[in-house]
Amino acid sequence: METIMEWVSQLNSLVWGVPMLVMILGVGLFLSIGLRFMQLLKLGRGFRLLWSGRIPDKDTNMKGEISPFNALMTSLSATIGTGNIAGVATAIFLGGPGALFWMWCTALVGMATKFSEAVLAVKYREVDDSGNHIGGPMYYIKNGLGQKWAWLGTLFALFGGFAGFGIGNTVQANSVADALDSNFGVPAWATGLVMMILVGAVLMGGIKRIADVAGKLVPLMTVFYITAGLAVIVVYFDQIPAALELVFVSAFSPVAAQGGFAGAAVWAAIRFGVARGVFSNEAGLGSAPIAHAAAQTNNPVAQGLVAMLGTFIDTIVVCSITGLAIIVSGAWTSGETGAALTSYAFSHALPIGHYIVAVALAIFAFTTILGWSFYSEKCVQYLFGIRAIVPFRLVWTLMVPVGAVASLDFIWLVADTLNAMMAIPNLIALALLSPVVFALTREYFIKQRQAELQK
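Residues numbered from 1 in each chain as written. Predicted model: local features only at pLDDT ≥ 70, side-chain atom pairs only at ≥ 80, totals over all residues. Heavy atoms only, no water.

Engineer: I'd like a rundown of the overall build of the protein chain, residues and numbers included.
Structural biologist: Per the secondary structure count, the protein chain includes 20 helices and two strands. Relative to a compact globule of 455 residues, whose C-alpha radius of gyration would be 23 Å, the protein chain shows 21 Å and is just as compact. Along the longest, intermediate and shortest principal axes, the C-alpha atoms of the protein chain span 60 × 50 × 45 Å. When each of the 455 residues of the protein chain is scored for burial, the buried share is 59%. Sequence-distant contacts in the protein chain: of pairs separated by 6 or more residues, those separated by 24 or more amount to 85%. Carbon and sulfur atoms make up 67% of the accessible area of the protein chain, which totals about 17,900 Å². Computing the positive centroid from 24 side-chain charges and the negative centroid from 22, the protein chain places the two 15 Å apart. (Helix = DSSP H or I, 4+ residues; strand = E, 2+ residues; numbered from the N terminus. Rg over C-alpha atoms; globule rule 2.2 N^0.38 Å. Buried < 20%, exposed > 50% of the residue type's maximum accessible area, 1.4 Å probe, protein only. Contact = heavy atoms within 4.5 Å. Areas by Shrake-Rupley, 256 points an atom, 1.4 Å probe, with all protein chains shown as cover. Lys, Arg positive; Asp, Glu negative; His and termini not counted. Charge placed at Lys NZ, Arg CZ, Asp CG, Glu CD.)

Right under this line is the structure:
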């Protein structure tokens, strides 16, 4: 077992190493240039489309099962999670405050990646035997690149199907159980059973029920966490200028050891900032387009504009709140790491700060289980057909209490490795299908300008 653990650990270091991070950033930058940094220039249009897409369109010719808003919320339910609370803290602990700057850079090019993923997901989606729209990297690889590339889509589905049980299920359940046990004394087994019932009730309703729950729970919890984070920052308002200066300076120069912080080179800031940024917003990993493929829309670019907001909200907004709270409070030199570091920062500014972090972590992790259930389900459906859906949902639900009470070091390592390996076929497809994305985007905005001139 130790040999296997060591082998998987080496593979993990490889797939999350420099080549992968360069590949993710490189494809994101290539897409950004090809799109002429449209993801930044059209951010306002994306929010307008999000607001207008809150309610499913009654047009019977409009294809899709869920509103564009709920498609984004389903995507965010999977991305806003432990990475925003524990991941940001880990990046700062290992790379210093400058890691936050590199997380921002990752997000800015990641928005172009997420936009392209959603455009291709809607463009090449299919309708299954139940009449539901399905899509994602495996489908735009098969339908966009042709049958000779279908094996690449199969690889993605294999990685995504297995990775979900770890990174999107058992590990998340364990995080909820740990947070509730350490802060409220709730036994892990009790948390596991309650979560199993809740997850099962939602999953059996399919994508529409998952989207409905995500559409209500994700905005509410995100606003709650952002408000609490801003309260921490306001308490240390006088430290904001110094904190921002520290972020930008340490992004390009080493940080000396101080307090419980061991010190960090510039390379550490870049490496951990980029890695944790990608882990948090999942741009390039190929998971989010699976949700956006179910959106009720006839225009791939319109859904792409909504999809790219996921990266903006996840990293530029939520991760920034966590990172700045840790830095302005001085908690980053405490020697704590992970969720404990974020909890330390919040509790020093707010009397109930550690409870806020615990509740946020629990709900974010719970919604991640729901979002990832859909991702893995569609991967399994791609591999084994529609008959595999009900057995998958039963197994997924039963694994929740197992994750709540089990030791998951090995499962986490395997799942984290497979999660990174999902990016390889997806990034290849994004690069090869980029001309399709560029052409569709140009056509969309030409039509938009013509429509505006005619008014």
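Engineer: Just give me the short version of the confidence of the model for the protein chain, but keep the residues and values in it.
Structural biologist: Per-residue confidence for the protein chain gives a mean pLDDT of 88, with 97% of residues at or over 70. Averaged over each element, pLDDT in the protein chain is lowest for helix H1 (residues 2-15) (81) and highest for helix H8 (residues 137-145) (95). (pLDDT = per-residue confidence, 0-100.)

Engineer: Could you give an account of the environment of methionine 308, naming the residues involved and the relevant values?
Structural biologist: Mapped onto the fold, methionine 308 is located in helix H15 (residues 300-328). Each C-alpha atom of the pair methionine 308 and leucine 453 lies 27 Å from the other, and the pair is 145 residues apart in sequence. With residues up to four places along the chain from it excluded, the contact list for methionine 308 reads Gln39, Lys42, Leu43, Met111, Lys114 and Phe115.

Engineer: Quick rundown of helix H16 (residues 338-349)? Include the residues and the values.
Structural biologist: Of the positions making up H16, those classed as buried are Gly338, Leu341, Thr342, Ser343, Ala345, Phe346 and Ala349. Its buried side turned inward, H16 meets helix H6 (82-95), helix H11 (206-235), H15 and helix H17 (353-384).

Engineer: Please give an account of the nonpolar core that cites residues and values.
Structural biologist: Counting residues in hydrophobic clusters, the biggest one holds 150 residues, and the most contacted among them are Phe115, Tyr140, Val199, Leu305, Phe346, Tyr375 and Trp396. Tallying contributions element by element places H17 first for this core, with 17 residues. When near neighbours in sequence (up to four residues on either side) are disregarded, leucine 305 contacts Met38, Lys42, Arg45, Gly46, Leu49, Phe115, Tyr444 and Phe445. (Core = buried A, V, L, I, M, F, W, Y, C linked by side-chain atoms within 4.5 Å.)

Engineer: Now, about empty space enclosed by the protein: what can you tell me, with residues and values included?
Structural biologist: Empty space among the atoms becomes visible once a probe the size of a water molecule is rolled across them. Evaluation of the coordinates by the stated rule reveals one cavity of 30 Å³ or more. Space inside the largest cavity adds up to approximately 100 Å³. Around the largest cavity, the lining comprises 13 residues; the ones closest to its centre are Ala78, Thr82, Gln172, Phe279 and Glu282. Classifying every residue of the lining of the largest cavity gives four nonpolar, eight polar and one charged. (1 Å grid on protein atoms, 1.4 Å probe; cavity = no way out; pocket = protein on both sides within 12 Å on 5 of 7 lines; lining within 4 Å. Points joined across faces, edges and corners; volume = space filled by probe spheres on them. Nonpolar A, V, L, I, M, F, W, Y, C, P; charged D, E, K, R; others polar.)

Engineer: Can you tell me about H1, naming the residues and giving the values?
Structural biologist: Look at H1: 20 Å from first C-alpha to last across 14 residues, which is about the 20 Å you get at 1.5 Å a residue. For H1, the full list of buried residues reads Val8, Asn12 and Val15. Mapping the buried residues of H1 onto a view down its axis gives an arc of 70°, with all of them on the same face. Seen from the buried face of H1, the exposed residues on the opposite side, beyond 90 degrees, are Glu2, Thr3, Trp7 and Leu14. Where H1 is buried, its residues meet helix H2 (18-34) and helix H19 (409-432). (Expected span 1.5 Å × (residues − 1). Arc of directions from axis to C-beta.)

Engineer: Which residues make up the environment of threonine 74, and what values do they have?
Structural biologist: Within the element layout of this structure, threonine 74 appears in helix H5 (residues 68-79). Taking the relative accessible area as the measure of exposure, threonine 74 reaches 0% and is therefore buried. Taking C-alpha positions, threonine 74 is 8.5 Å from threonine 367, a pair spaced 293 residues apart along the chain. Contacts of threonine 74, omitting those with residues within four sequence positions, involve Ile66, Ile207, Ile210, Ala211, Ala214, Ala291, Gly371 and Tyr375.

Engineer: How would you sum up the layout of surface pockets? Please name residues and give values.
Structural biologist: Estimates place the volume of the largest pocket at around 570 Å³. Lining the largest pocket are 24 residues; nearest its centre among them are Ala86, Ser175, Asp178, Ala339 and Leu361. Of all the secondary-structure elements, those providing two or more residues to the lining of the largest pocket are H6, helix H9 (150-184), helix H13 (266-281), H16, H17 and H19. Considering every element that reaches the lining of the largest pocket, the biggest residue donor is H9, with seven residues.

Engineer: Go over the environment of leucine 31 with me, naming the residues and quoting the values.
Structural biologist: For leucine 31, the location among the structural elements is in helix H2. Along the sequence, leucine 31 and proline 435 sit 404 residues apart, while their C-alpha atoms lie 9.7 Å from each other. With near-sequence residues (within four places) excluded, leucine 31 lies in contact with Ala112, Thr113, Ser116, Leu430, Ser434 and Phe438.

Engineer: Describe in detail the pattern of salt bridges, supporting the description with residues and values.
Structural biologist: Inspection of every chain in the model, using the stated rule, returns four salt bridges. Across the pair glutamate 443 and lysine 447 runs a salt bridge whose closest N-O atoms are separated by 3.2 Å. With glutamate 443 and lysine 447 both in helix H20 (residues 434-454) and four residues apart, this pair spans about one turn of that helix. Each of Glu377, Lys378 and Arg393 takes part in a single network of salt bridges with overlapping partners. (Salt bridge = Lys/Arg side-chain N within 4 Å of Asp/Glu carboxyl O.)

Engineer: Talk me through a nonpolar patch on the surface; I want residue IDs and the actual numbers.
Structural biologist: Judged by side-chain polarity, Leu29, Ile33, Phe37, Leu40, Leu41 and Leu108 come together as a nonpolar surface patch covering roughly 550 Å² of accessible area. Looking at the nonpolar patch, the elements with two or more residues in it are H2 and helix H3 (38-41). Among the secondary structure elements, leucine 108 is positioned in helix H7 (residues 98-123). (Patch = residues over 30% accessible without salt bridge, like charges linked within 9 Å, V, L, I, M, F, W, Y side chains within 5 Å.)

Engineer: Give me the lowdown on the side chain of threonine 397, citing residues and values where you can.
Structural biologist: Inspection of the secondary structure assignment puts threonine 397 in helix H18 (residues 389-405). A polar side-chain atom of threonine 397 sits 2.8 Å from the main-chain carbonyl oxygen of arginine 393. Residues contacting threonine 397, with those up to four places away along its chain left out, are Met196, Val199, Gly200 and Leu203. (Polar contact = N/O pair within 3.5 Å; in protein donor to acceptor, adjacent residues only side chain to side chain.)

Engineer: Residue-level account of the state of the cysteines, with values.
Structural biologist: Using the criterion set out here, one finds zero disulfides in the structure. Free of any disulfide, cysteine 105 has its nearest neighbouring cysteine sulfur in cysteine 319, separated by 14 Å. Overall, the relative accessible area of 28% leaves cysteine 105 in the partly exposed class. (Disulfide = S-S within 2.5 Å.)

Engineer: I'd like to hear about the packing of H11 against H15, residue by residue, with values.
Structural biologist: Contact geometry for H11 and H15: axes closest at 9 Å, N-to-C directions at 25°. It follows that H11 is roughly parallel to H15 by the angle criterion. Crossing of H11 over H15 shows left-handed handedness. Contact with H11, carried on its side by Thr222, Tyr225, Ile226, Gly229, Leu230, Val232 and Ile233, involves Val317, Val318, Ile321, Thr322, Leu324, Ala325 and Val328 of H15 and no other residues of that element. Residues of the contact of H11 with H15, tallied by class, amount to eleven nonpolar, three polar and no charged. (Axes fitted to C-alpha atoms, helices over the stretch in contact; angles between N-to-C directions. Parallel < 35°, antiparallel > 145°, perpendicular 65-115°, else oblique. Left-handed = near helix turned anticlockwise from the far one by under 90°.)

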